[in-house]
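Analysis of the macromolecular model
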Amino acid sequence: KNQVEQSPQSLIILEGKNCTLQCNYTVSPFSNLRWYKQDTGRGPVSLTIMTFSENTKSNGRYTATLDADTKQSSLHITASQLSDSASYICVVRGMGNQFYFGTGTSLTVIP
Amino acid sequence: DTEVTQTPKHLVMGMTNKKSLKCEQHMGHRAMYWYKQKAKKPPELMFVYSYEKLSINESVPSRFSPECPNSSLLNLHLHALQPEDSALYLCASSQAPGTGKGGNYGYTFGSGTRLTVV
């Protein structure tokens with residue numbers, strides 16, 4: 001069964017600290033994996049997209065890693081800011097138009 | 001233009017009203033999607049259009065009626081909704097399979113329409 005699981009479900013960190021979010025998937029065949037940031041009441045915004053041949057990709061303070069062998073991805077946020085408070089969703093594309101969503105990690109950054 | 005534009009941003013409607021949500025993209029994407037998202041939950045797929053034809057309907061009630069007039073536009077017509085239909089409705093687009101664009105593509109989401117049914 002094609003599934004995407006994210007952990008932790010929620011996370012609270014102090015401003016300026018780093019954190020890492022996890023995404024494990026069983027989707028096969030695999031096309032790509034995307035991390036999205038979603039502010040409350042807004043549409044998701046893409047942070048990174050990775051295909052099976054890419055191990056790491058950065059977008060500013062966001063760095064995503066992908067291990068296609070173990071089917072795991074992580075999103076590392078460096079020097080967190082209050083504006084990083086949001087839900088982070090991992091989406092895996094399988095065959096065709098099949099997209100599989102993780103349940104998201106809710107991140108709260110506190111001063 | 002790398003955006004998906006949704007209108008309106010907010011909508012309040014009564015249970016007897018008829019309204020429409022609109023979605024537009026000019027990225028040449030040939031697959032477009034409607035999602036429904038409740039608070040603190042991931043988006044739930046409703047419909048997929050591929051090359052302007054409905055390819056997936058996730059058993060959505062008939063009070064939701066999608067329409068794809070052309071490759072850039074996607075509408076969602078609403079009629080006789082229930083209060084439990086209140087949610088954030090997201091439109092997304094992507095390259096469709098078989099376009100020769102390779103695997104390095106995914107969704108682009110709109111900002112959503114916050115729908116409240118009273």
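Everything that follows concerns the structure shown earlier in this document.
What comes next concerns the included structure. Numbers given to residues run from 1 along each chain, matching the order in which its sequence is written. The naming scheme follows written order: chains are lettered A onward, ligands numbered 1 onward. Restriction of local features to residues with pLDDT of at least 70 applies here, the model being predicted, together with a cutoff of 80 or more for giving and counting side-chain atom pairs; totals for whole chains, interfaces and linings are based on all residues. Water and hydrogen atoms play no part in the side-chain values, which are based on all heavy atoms of the structure.

So, the pairing of strand S11 (residues 113-117) of chain B
Residues and elements named next belong to chain B. To keep it simple, the criterion reads: Note on exposure labels: buried denotes an accessible area under 20% of the residue type's maximum, exposed denotes more than 50%, and partly exposed covers the range between, all computed with a 1.4 Å probe on protein chains only. Working definition: helices are DSSP H or I runs of at least four residues, strands are E runs of at least two. Numbering for both runs from the N terminus. Here the rule is simple: two strands pair whenever DSSP picks up at least two bridges between them.
Alternating positions in S11 separate cleanly, Thr113, Leu115 and Val117 being buried on one face and Arg114 and Thr116 remaining unburied on the opposite face. In the sheet, strand S2 (residues 10-13) pairs with S11 via 4 bridges, with the strands oriented parallel. Bridged to Leu11 within S11 is Leu115. Examined bridge by bridge, strand S9 (residues 87-94) and S11 share 3 bridges and lie antiparallel to one another. Across the sheet, residue Tyr89 finds its bridge partner in S11, namely Thr113.

With respect to the side chain of Lys37 of chain A
Residues and elements named next belong to chain A. The criterion, for reference: His residues and chain termini do not enter the charge count, which takes Lys and Arg as positive and Asp and Glu as negative. Put simply, a salt bridge is a Lys or Arg side-chain nitrogen that is within 4 Å of an Asp or Glu carboxyl oxygen. Here a polar contact means two N or O atoms within 3.5 Å. Within protein one must be a hydrogen donor candidate and the other an acceptor candidate, and residues neighboring in sequence count only if both atoms are side-chain atoms. Here, residues are in contact when the closest pair of their heavy atoms is within 4.5 Å.
One can find Lys37 in strand S4 (residues 32-38). Among buried Asp, Glu, Lys and Arg side chains, Lys37 stands out as unpaired, with Asp39 the closest opposite charge at 4.3 Å. Engagement of the side chain of Lys37 in a polar contact is seen with the backbone oxygen of Ser83, the distance being 2.8 Å. Ignoring any residue separated from it by four or fewer positions in sequence, one finds Lys37 in contact with Gly43, Pro44, Val45, Leu47, Tyr62, Ser83, Asp84, Ala86, Ser87 and Tyr88.

Notes on the sheet that holds strand S6 (residues 56-59) of chain A
Residues and elements named next belong to chain A. Cut-off, in case you're wondering: For every element, the axis is a line fit to its C-alpha atoms; helices are fit only across the contacting stretch, and the angle between N-to-C directions ranges from 0 to 180 degrees.
Pairing is antiparallel in the open sheet, where 5 strands are placed in the order S1-S3-S8-S7-S6. Of all strands in the sheet, those with a lone pairing partner are strand S1 (4-7) and S6, marking the two edges. Adjacent strand axes in the sheet meet at a mean angle of 15° when their direction is disregarded. Judged from the 4 bridges that link them, S1 and strand S3 (residues 19-25) form a sheet pairing that is antiparallel. Bridge pairing in S3 links Ser7 to Gln22.

Describing the packing of aromatic side chains
What counts, and what does not: Between rings of Phe, Tyr and Trp, where Trp is taken as its six-membered ring, a pair exists when centres lie within 6.5 Å; planes separated by under 30 degrees are stacked, by over 60 edge-to-face, and by other angles tilted. The rule is short: NZ of Lys or CZ of Arg within 6 Å of the ring centre and within 35 degrees of the ring normal puts a charge over the ring.
Taken as a whole and assessed by the stated rule, the structure comprises 9 aromatic pairs over all chains. When the ring of Phe99 of chain A is compared with that of Tyr33 of chain B, the centres are 5.6 Å apart and the planes differ by 90°; the resulting orientation is edge-to-face. Highlighted residues: Phe99 of chain A in strand S10 (residues 99-101) and Tyr33 of chain B in strand S4 (residues 31-37), drawn from two different chains. As far as burial versus exposure is concerned, Phe99 of chain A and Tyr33 of chain B are alike and both buried. The interplanar angle of 35° and the centroid separation of 6.5 Å between the aromatic rings of Tyr33 of chain B and Tyr35 of chain B together place this pair among those described as tilted. Exposure class is identical for Tyr33 of chain B and Tyr35 of chain B. Each is buried. These aromatic residues form a ring-pair network of at least three members: Tyr36, Phe99 and Phe101 of chain A together with Tyr33, Tyr35 and Phe109 of chain B. Lying over the aromatic face of Tyr62 of chain A, Arg61 of chain A brings its terminal NZ or CZ to 5.7 Å of the ring centre.

Digging into the state of the cysteines
Filter applied, for reference: Cysteine sulfur atoms that pair up within 2.5 Å are treated as a disulfide.
Counted by the stated rule, this structure contains 2 disulfides over all chains. Between Cys23 of chain A and Cys90 of chain A runs a disulfide, and the two sulfur atoms are separated by 2.0 Å. Measuring the twist about the S-S bond at about -65°, one finds the Cys23 of chain A-Cys90 of chain A disulfide to be left-handed. Within this pair, whereas Cys23 of chain A is found in strand S3, its partner Cys90 of chain A is found in strand S9 (residues 86-93), the two being separated by 67 residues in sequence. This pair shows no difference in class: Cys23 of chain A is buried, exactly as Cys90 of chain A is. Linked covalently through their sulfurs, Cys23 of chain B and Cys91 of chain B form a disulfide whose S-S length is 1.9 Å. One disulfide, between Cys23 of chain B and Cys91 of chain B, carries an S-S torsion of -70° and so falls in the left-handed class. With Cys23 of chain B in strand S3 (residues 18-25) and Cys91 of chain B in strand S9, this pair connects stretches of sequence that are 68 residues apart.

Thoughts on the side chain of Ser73 of chain A
Residue and element names in this part refer to chain A. Position of Ser73 relative to the elements: it lies in strand S8 (residues 72-77). Owing to a relative accessible area of 2%, Ser73 belongs among the buried residues under this scheme. Here the side chain of Ser73 touches Trp35 through a polar contact of 3.0 Å, side chain to side chain. Dropping the residues within four chain positions of it, Ser73 is found in contact with Leu21, Gln22, Cys23, Leu33, Trp35, Thr65 and Leu66.

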